[in-house]
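# Topology and contacts: notes
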Amino acid sequence: MRLLLVSDLHYTLRQFDWLVEAAPDVDAIVLAGDHLDVSGVVPLDVQVVVIGRYLELLAERTTVIACSGNHDLTQRDEAGEKAAPWLRTSRRDRIAVDGDSLELGGALLTVCPWWDGPVQRAMVAGQLEAAALRGVRPWVWVYHWPPADSPTTWTGSRFYGDADLSGWMAEHHPDIVLAGHVHQPPFKADGAWADRIGPTWVFNAGHQIGPEPSRVLVDLDRNEATWTSLLGEEVQDLRLVPVAPRPVFL
Amino acid sequence: MPDLLALSADLPTVELDAGEIVVREGERTGRVFVLEHGTLAVSRAGVPIAEIAVPGALVGELSALVGDPHAATVIAATPARLRVADDGRAFLESTPAVTLLVATAVARRLQSVVAYLADLKRQYAGAPGLDMVHTVLSQLADGRVVAAEPGSDREPDPLY
């Protein structure tokens, strides 16, 4: 099974167009959050309509898996916590969103929402516990923010990861975490697009300008991940230790 | 300026259970509703369009204004309470404040459309993707887009 990971497209329409073209070649496209851009000139409620249509276009071509990121929050929920209800409204055949766990190609994919307060955090914990009981491997998490102290969160000056995710990974030992949020790591010295933490592979494709998104193609049949960006292409054998971080933009 | 909740305080209320219909696409009721609490699901031709959960949100106002049948079906997604004006147009004309609030909401929708089109011209230059403009404009014209409250409490930095 081939999963194509992108994240942080931030309403870059040409990159969404590129995805529509690429979709038929993979078994699923994973959009790991921040589909919208809170700093963009287009109002967020309009962006929601456009991205919702893109999700439909993608779903006409492959399975779509999309979690929310911090840019995707548009309303407060009943607990007063910021949330992305529009993304849940986008759920339909071949579109899995926040809160879903689906089996695809023998793997279990759990789609975690961005949590913005204690109530939602508890819901994510419950979602992971419930998915763990299904006992399906490989288990793939889609979660916007990579774990703490990983080179996939290296900004160039600090590690900027999610300690809560680290705790859940230590508890449940997923096989793969597909993330985003921190744009720079693959492009920075000492940063990385791939990391191995215990039994878990963590991927963050990063964010780049231009018509094509930086992306990671995870091929579960070949045990291989490939990162493609403006810098070219790198391949990671998932049976081996991660390739050493390398200086690229110093 | 007072909001619609304050301006509609004298209207009778209706309690709905989840699944009950507020208005049905294609029907002409003349009613206008003001949401007190709960979540409403909006669909058109069976396709989900939006959810309405903001207290004070209007339902049926465009139909009352232009005299057309309701353009979408609105269903209570959760238990909900709404205020109802059986003569919606009379309610919209009842005070200048109500009329101004409705006009402001319509103007905001127009601003959104203009901003969207202007940005399309900037981001595209005859490239593919413009096919969806009609779809997007149709959804925006439905007027069911809820004003967003951007940002995260947990991650306030928009650079991430």
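Before going into details, it helps to say that this report is about the structure given with it.

This paragraph deals with the overall build of chain A. The secondary structure content of chain A amounts to five helices and 15 strands. Computed over the C-alpha atoms, the radius of gyration of chain A is 17 Å, within 12% of the 18 Å expected from 2.2 N^0.38 for a compact globule of 250 residues. Dimensions of chain A along its principal axes, counting C-alpha atoms only, are 45 × 40 × 35 Å. Burial status across chain A gives 61% buried among its 250 residues. In chain A, once contacts between residues fewer than 6 apart in sequence are set aside, the share between residues at least 24 apart is 66%.

All names here are of chain A. The residue Gln 120 is located in helix H4 (residues 118–132) in this model. Within the structure, the side chain of Gln 120 is placed 2.8 Å from the backbone nitrogen of Asp 116, a separation counted as a polar contact. In this structure Gln 120 touches Asp 77, Glu 81, Lys 82, Ala 83, Trp 114 and Trp 115, once residues within four positions along its chain are discounted.

This part is about the pairing of strand S3 (residues 32–37) of chain B. All names here are of chain B. When you tally the buried positions in S3, you get five out of six residues, the bulk of the element. In the sheet, S3 pairs with strand S8 (residues 80–85) via five bridges, with the strands oriented antiparallel. Paired with Val 34 across the strands is Arg 83, a residue of S8.

Further remarks concern the packing of aromatic side chains. Enumeration over the complete set of coordinates arrives at twelve aromatic pairs over all chains. Judged by centre distance (6.4 Å) and plane angle (15°), the ring pair of Trp 193 of chain A and Trp 227 of chain A falls under stacked. Within this pair, whereas Trp 193 of chain A is found in the loop between strand S10 (176–179) and strand S11 (194–197), its partner Trp 227 of chain A is found in strand S14 (residues 224–229), the two being separated by 34 residues in sequence. Across the pair, Trp 227 of chain A and Trp 193 of chain A agree in class, each one buried. What links up through ring pairs into an aromatic cluster is the set Phe 187, Trp 193, Trp 201, Phe 203 and Trp 227 of chain A. The ring of Tyr 160 of chain A carries Arg 158 of chain A above its face, with NZ or CZ at 4.2 Å from the centroid. The ring of Trp 115 of chain A is capped by Arg 154 of chain B, whose NZ or CZ atom sits 3.5 Å from the centre of that ring.

Backbone hydrogen bonds hold the strands of a sheet together, and the pairing may be parallel or antiparallel. Residue and element names in this part refer to chain B. Spatially, S1-S8-S3-S6 is the arrangement adopted by the four strands of the open sheet, whose pairing is antiparallel. Sheet topology places strand S1 (13–16) and strand S6 (58–59) at the edges, where each strand pairs with a single neighbour. Strand direction decides the pairing type here: S3 and S6, joined by two bridges, are antiparallel. Paired with Phe 33 across the bridge in S6 is Val 59.

The rules behind the values
Residues numbered from 1 in each chain as written. Chains lettered and ligands numbered in written order. Predicted model: local features only at pLDDT ≥ 70, side-chain atom pairs only at ≥ 80, totals over all residues. Heavy atoms only, no water. Helix = DSSP H or I, 4+ residues; strand = E, 2+ residues; numbered from the N terminus. Rg over C-alpha atoms; globule rule 2.2 N^0.38 Å. Buried < 20%, exposed > 50% of the residue type's maximum accessible area, 1.4 Å probe, protein only. Contact = heavy atoms within 4.5 Å. Polar contact = N/O pair within 3.5 Å; in protein donor to acceptor, adjacent residues only side chain to side chain. Pairing = 2+ DSSP bridges. Phe/Tyr/Trp six-rings, centres within 6.5 Å; stacked < 30°, edge-to-face > 60°. Lys NZ or Arg CZ within 6 Å of the ring centre and 35° of its normal.

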